[in-house]
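Spelled out, the chains give:
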Amino acid sequence: MTRTARSKRRRTSSSTLSVILGPVGIAALMVALIGGLWYRNRPQSVAFEPNTTVGEAAMAAIETFPDQGQAHVNPGQAVNYDSDFPTSGPHDPNPVLPGVYAQEQRLEELVHSIEHGNIVIYVDQPGQAAMDTLTAWASDFPGLWDGLVVVPKAGLGEEVVLTAWTHKLQLPEFEPEAAATFIDAYRGRGPENPVR
């Protein structure tokens, strides 16, 4: 084979290869780039891990309060609770549904949520990692009788307060194992319709 023929053959196979691999190569590169960006920017939520050593130790800090009743008041009626984080008592007939909220919710409706067996978690500025984790957990536990309700409460700073029916846990800062252990202990165990 002459030098000219070999050169021509290389150019032909080279251009055929670039035609085939060009779009495929570009598509593969784009998929890899998008996947890399997604992985780098994905939420860094923490796995739901209850009953760890840290979580069990936190159980000693849980406060338990007397049951102040389950009476319903008129819709929209205010109740004078003895705490900013009530754990029982008269409440609105409409509960706050499980989920993560950007606006403060009425205490009267939050008390109905915990009567259902939901865990109400109050936050202010717990940090992005904590919010990513709580958002993921709220997505994992959306049930009407065993869900999570995450609501803002001005003035808490990094502190996180978890409430269930007659129980409260105040964390100076978000501690996922402690929060998960509290959630696991009381979620779905409200007096109106225990499901766990």
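Up top is the structure these notes are about.
The paragraphs below set out a description of the structure included in this document. Because the structure is a prediction, the values reported are computed rather than measured. Throughout this document, residue positions are counted from 1 along each chain, in the order its sequence is written. Residues qualify for local features only when their pLDDT is at least 70, as the model is predicted, and side-chain atom pairs are given and counted only at 80 or more; totals for whole chains, interfaces and linings, by contrast, use all residues. Side-chain numbers come from the whole structure's heavy atoms, not from hydrogens or water.

### What about the pattern of salt bridges?
- When a carboxyl oxygen of Asp or Glu lies within 4 Å of a side-chain nitrogen of Lys or Arg, that pair is called a salt bridge. Considering all chains together, one arrives at 6 salt bridges under this definition.
- With a closest N to O distance of 3.3 Å, Arg 187 and Asp 146 form a salt bridge. You can see Arg 187 sitting in the segment after helix H5 (176-186) and its partner Asp 146 sitting in the loop between helix H4 (128-140) and strand E4 (148-152), a full 41 residues away along the chain.
- Take Arg 187: its relative accessible area is 10%, and that puts it in the buried class.
- A salt bridge links Arg 196 to Asp 184; the nearest nitrogen and oxygen atoms lie 3.2 Å apart. Linking Arg 196 in the segment after H5 with Asp 184 in helix H5, this pair joins segments that are 12 residues apart in sequence.
- The rule is simple: take the accessible area with a 1.4 Å probe, protein chains only, and divide by the maximum for that residue type; under 20% is buried, over 50% is exposed, in between is partly exposed. Overall, the relative accessible area of 35% leaves Arg 196 in the partly exposed class.
- Asp 184 sits in the buried class, given a relative accessible area of 19%.
- Put simply, Asp 92, Arg 106, Glu 108 and Glu 109 are held in one network by salt bridges that share partners. Runs of H or I in DSSP of at least four residues are treated as helices and runs of E of at least two as strands, each being numbered from the N terminus.

### What to know about the pairing of strand E3 (residues 119-123)
- Of all 5 residues that make up E3, 5 are buried, and the element is covered over most of its length.
- Alternating positions in E3 separate into two faces, Ile 119, Ile 121 and Val 123 on one and Val 120 and Tyr 122 on the other, with burial throughout.
- Pairing analysis gives 5 bridges linking E3 to E4, with the strands arranged parallel. Across the sheet, residue Ile 121 finds its bridge partner in E4, namely Val 150.
- Seen with the strands pointing away from the viewer, any crossover whose path from the first strand over the helix to the second strand runs clockwise is right-handed. For the segment spanning E3, H4 and E4, crossover handedness is right-handed.
- Should DSSP find at least two bridges between two strands, the strands are taken to pair. Pairing between E3 and strand E5 (residues 160-164): 3 bridges, direction antiparallel.

### Let's talk about the side chain of Thr 166
- Secondary-structure assignment places Thr 166 in the loop between E5 and strand E6 (167-171).
- Counting of polar contacts relies on pairs of N or O atoms within 3.5 Å, with two restrictions inside protein: one atom must be capable of donating a hydrogen and the other of accepting it, and residues adjacent in sequence are counted only when both atoms are side-chain atoms. One polar contact links Thr 166 to His 167, side chain to side chain, over a distance of 3.4 Å.
- Apart from the residues lying within four places of it in its own chain, the contact partners of Thr 166 are Glu 63, Thr 64, Phe 65, Pro 66, Asp 67, Thr 87 and Ser 88. Contacts are assigned to residue pairs with any non-hydrogen atoms lying within 4.5 Å of each other.

### As for the nonpolar core
- Only buried residues count toward a nonpolar core, which is a set of Ala, Val, Leu, Ile, Met, Phe, Trp, Tyr and Cys residues joined through side-chain atoms within 4.5 Å. If you look at the biggest cluster of nonpolar residues, it comprises 24 residues, and the most contacted ones within it are Ile 119, Ile 121, Trp 137, Leu 148, Leu 162 and Phe 182.
- Of all elements in the fold, only E3, H4, E4, E5, E6 and H5 reach the threshold of two or more residues within this core.
- Examining the composition of this core, we find that 6 residues originate from one element, H5, more than from any other.
- With near-sequence residues (within four places) excluded, Phe 182 lies in contact with Met 59, Ile 62, Ile 119, Leu 162, Thr 163, Ala 164, His 167, Lys 168 and Leu 169.

Worth remembering: the numbers are spatial, not functional.
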